[in-house]
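# Close look at the chain arrangement
What follows is each chain in one-letter form.
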Number of protein chains: 2
Amino acid sequence: MHETMNPMSFVRTKAAPEREAELALREPIAPARVAAEDLLAFSGAVYEAVGLPRRDAELAADTLVQADLWGHQSHGVMRLPWYVARIRSGVVAAQAQPELVVDGGAVAVIDGHDGMGQVLAARAAEEAIARAKAHGIGAVAVRNSNHFGTAMYFTLMAAARGCIGFLSTNASPAMAPWGGREKAVGTNPWSWAAPAGTNPPFVLDIANTAVARGKIYLARQKGLPIPEGWAIDADGAPTTDAVAALGGITMPMAGHKGYAIAAAMDMLSGVLTGSSFGKAVTGPYQAERRGGTGHLMLALNIEAFQPLAEFEQRMDDYIAELKGVALARGVEEIVYPGELEARNEAANRRDGLTLPADTILDLLKLAAETGCKAPPQWTL
Amino acid sequence: MHETMNPMSFVRTKAAPEREAELALREPIAPARVAAEDLLAFSGAVYEAVGLPRRDAELAADTLVQADLWGHQSHGVMRLPWYVARIRSGVVAAQAQPELVVDGGAVAVIDGHDGMGQVLAARAAEEAIARAKAHGIGAVAVRNSNHFGTAMYFTLMAAARGCIGFLSTNASPAMAPWGGREKAVGTNPWSWAAPAGTNPPFVLDIANTAVARGKIYLARQKGLPIPEGWAIDADGAPTTDAVAALGGITMPMAGHKGYAIAAAMDMLSGVLTGSSFGKAVTGPYQAERRGGTGHLMLALNIEAFQPLAEFEQRMDDYIAELKGVALARGVEEIVYPGELEARNEAANRRDGLTLPADTILDLLKLAAETGCKAPPQWTL
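Source: prediction; values computed, not measured.

## Thoughts on the interface of chain A and chain B
- Listed as interface residues are 92 residues of chain A and, on the opposing side, 91 residues of chain B.
- Of the roughly 7700 Å² buried at the junction of chain A and chain B (both faces included), carbon and sulfur atoms supply 72%.
- Measuring nitrogen to oxygen at the nearest pair gives 2.5 Å for the salt bridge that ties Asp235(B) to Arg329(A).
- Taken together, the links from chain A to chain B amount to 28 residue pairs in polar contact (both at pLDDT 80 or more).
- Top contributing element to the side of chain A that touches chain B by residue count: helix α9 (residues 256-271) of chain A, with 13 residues.
- Its residues placed into classes, the side of chain A that touches chain B shows 62 nonpolar, 18 polar and 12 charged.

Given below as structure tokens:
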């Protein structure tokens, strides 16, 4: 019981259902550590080899390696082959050509013309920050984009510039609307980030699903029931049977509330931006259909509300109060959102990153195909 | 099991713990229906009697009656005596004197000087809408305010003016930070609303707690266990025992995610606005301490992103897609966020409102104290 009360990461760790299931069932068998810089150079070279301009390739690579550094392996370089497959099939344009279709003071709308989601989200963050510096707040909508990886990568760009960042995206259908038995609502992640004084940034990154599907695979393998609230069966009825759950659909977090939040994020990310929404959005897990993904990025310039130094001091005080609360029995520490990621990053930069064996095999395959030199540790 | 899959309201229904517990244990025994207008006239007269200017009194009364109309009785006129008690004790200033301490283009900061939260939140909504019309987006921070009732009342003001509205607030401590065993984090509700074409507005209003405490009282009364994820005991350990839960604390929705979201809402509502935050915030359930409550209101002018008519058409399409999904067995209809409230309002405007007997008794007491004429149906 106490296990669930341990400090946890406040971010999503959802991977592609099938791939995640595999991961859940395997132990890493090639724990050779790789320096983040080596992984970055390799991933960037691969992206460049499939046609991304160098700067975009470096950015897209950095978003993957950064996710690994934060401890979010499900959003790390493991995903490089999927992104590459979509570039190769042509549904993602290697040369992103973001077009500013609305340029209205504090607001902009970017048509991404099917470019890389990471490149477009970073552009949206830069635009939103610039507009926030000019107007106090900025909003940038992105249409016709693709899966951008980890939302917090982009909201943290705002935090690093003295802004509070918000980013939402829609995503391919993953849940049924509450009361339904058919996938029509994406995980539709959203993130808020803020600078936090002497502490690493405050950041949350939430997917609106109750649980990663891999955990249900694991329960089936162990012959265990799953908790209520994780899944519905093929008839749409809540189930605690892992086998029935795998024939059904993962439920939203917090029951009907998660459905409502996910729908609101699509209202912002898909409907408002002029992008696709609902069932028309395609995720990164298949290579043949255009994404149609939309995002909404907000930046609030803290200095427009109060002196930044004062805000930073108040964040320090707030975090100290949270961390100072009497601990539940068996818990060693209360963490604030973003704290574990910063701690993981420090450790992983110091010690290097370990990747599961099948991720390494996938990346070696990419190396062979593209002629890019893989980190020497991976030579089998 | 199917019961939990029925369409539900996408809004919070949290009342004061003790009062809600009482309500959960009682049946209404005086179901005389009262017209919304009569309830509005009475509540407004009471507010005026305790010193609110007429316009503010009417607004504050309307927020209560509107909550009853939407079917959120926990946020309806039941709360009038609590608000009145705080005005009488002097911790809430009857004459709200909002001061624009920052007036910076798309951004404003209002110091509420301990005025009524409803009056200040409405002012913030108006300011945010006006700034959104000028700049595409507007942000208004409110400090030194009080509990404002129902967040969706104010975000719907934005939706009615062609904007998407967002409102967050902090609130008195109700949950432990994840891993703690002491209340330090409020329910910190937040709402998004948008116009929805031919449909009533799309609106969600989320409190970040897993469950209203009254449901735990009910389980204890029936001798039933409570689901995992509802509460921790006095040691901070998760419990399914209703008695142990009542000696402990309600958990956040969606486990650690709800804690992270609630903390983010205080970052926006308390830290950024320059108001109180964390344990320093006081709720409406006691009459002697100033609130220190803060809010953040955003408005996005839809026309700045795309023609409003196009957005409305897209919302119609999105809602039709959600509602058209194959139904889970035993479910009659999929609803979108805000749909049930609109339906309740139509029925309650037609049929009148019924209130629990003890609410009527409380209001009759207020009528006697203030000399305001209660609706004749209540004459016992």
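Let us keep going from here.
## Observations regarding the sheet that holds strand β11 (residues 249-250) of chain B
All names here are of chain B.
- On the basis of which strands lie adjacent, the open sheet formed by 3 strands has the order β10-β9-β11 and antiparallel pairing. Looking at strand neighbours, the two that pair on one side only are β10 (238-239) and β11, the edges of this open sheet.
- Alignment of strand β9 (residues 231-232) against β10, held across 2 bridges, turns out to be antiparallel. Each residue of the ladder has a partner; that of Ile232, found in β10, is Pro238.

## Overview of helix α3 (residues 54-70) of chain A
All names here are of chain A.
- The end-to-end C-alpha distance of α3 is 24 Å, a good match for the 24 Å that 17 residues give at a rise of 1.5 Å each.
- Within α3, 13 of the 17 residues are buried, which leaves the element mostly enclosed by the surrounding structure.
- One or two residues past the end of α3 sits Gly71, with phi positive at roughly 95°.

## Examining unusual backbone geometry
- In this structure, His113(A) takes a positive phi of about 45° despite not being glycine.
- Despite not being glycine, Asp114(B) shows a phi value in the positive range, around 65°.

## Considering the relation of the copies chain A and chain B
- Aligned on chain B, chain A shows an RMSD of 0.0 Å; the corresponding rotation is 180° and the shift along the axis is 0.0 Å. The two molecules are tied by a two-fold rotation axis, judged by turn and shift. Identified as the residue of chain A closest to the rotation axis by C-alpha distance is Ala254(A), at 2.4 Å.
- Comparing interface residues between copies, 99% of those in chain A also sit at the interface in chain B, which points to an isologous, same-surface contact.

## Brief notes about the packing of aromatic side chains
- The tally for this structure, following the rule as stated, stands at 17 aromatic pairs over all chains.
- Their ring planes at 80° and their centres at 5.6 Å tell us that Tyr318(A) and Phe277(B) sit as a pair that is edge-to-face. Of the two residues, Tyr318(A) is situated in helix α10 (residues 308-323) and Phe277(B) in the loop between α9 (256-271) and β12 (293-301); the pairing between them involves two chains.
- Judged by its relative accessible area of 13%, Phe277(B) falls in the buried class.
- Among the aromatic residues, those joined into a ring-pair cluster are Phe166(A), Trp192(A), Phe166(B) and Trp192(B).

## Observations concerning the pairing of strand β7 (residues 190-196) of chain B
All names here are of chain B.
- The buried count for β7 comes to 7 of 7 residues, which makes it a mostly enclosed element.
- Of the strand pairs in this sheet, strand β4 (residues 163-169) and β7 are connected by 4 bridges, and their pairing is antiparallel. Bridge pairing in β7 places Ser168 opposite Trp190.
- Where β7 folds back on strand β8 (residues 199-206), the antiparallel hairpin that results is connected by 2 residues, among which Gly197 adopts a positive phi of roughly 65°.

What counts as what
- Residues numbered from 1 in each chain as written.
- Chains lettered and ligands numbered in written order.
- Predicted model: local features only at pLDDT ≥ 70, side-chain atom pairs only at ≥ 80, totals over all residues.
- Heavy atoms only, no water.
- Contact = heavy atoms within 4.5 Å.
- Buried area = accessible area lost by both parts, 1.4 Å probe.
- Salt bridge = Lys/Arg side-chain N within 4 Å of Asp/Glu carboxyl O.
- Polar contact = N/O pair within 3.5 Å; in protein donor to acceptor, adjacent residues only side chain to side chain.
- Helix = DSSP H or I, 4+ residues; strand = E, 2+ residues; numbered from the N terminus.
- Nonpolar A, V, L, I, M, F, W, Y, C, P; charged D, E, K, R; others polar.
- Pairing = 2+ DSSP bridges.
- Expected span 1.5 Å × (residues − 1).
- Buried < 20%, exposed > 50% of the residue type's maximum accessible area, 1.4 Å probe, protein only.
- Least-squares fit on C-alpha atoms with pLDDT ≥ 70 in both.
- Phe/Tyr/Trp six-rings, centres within 6.5 Å; stacked < 30°, edge-to-face > 60°.

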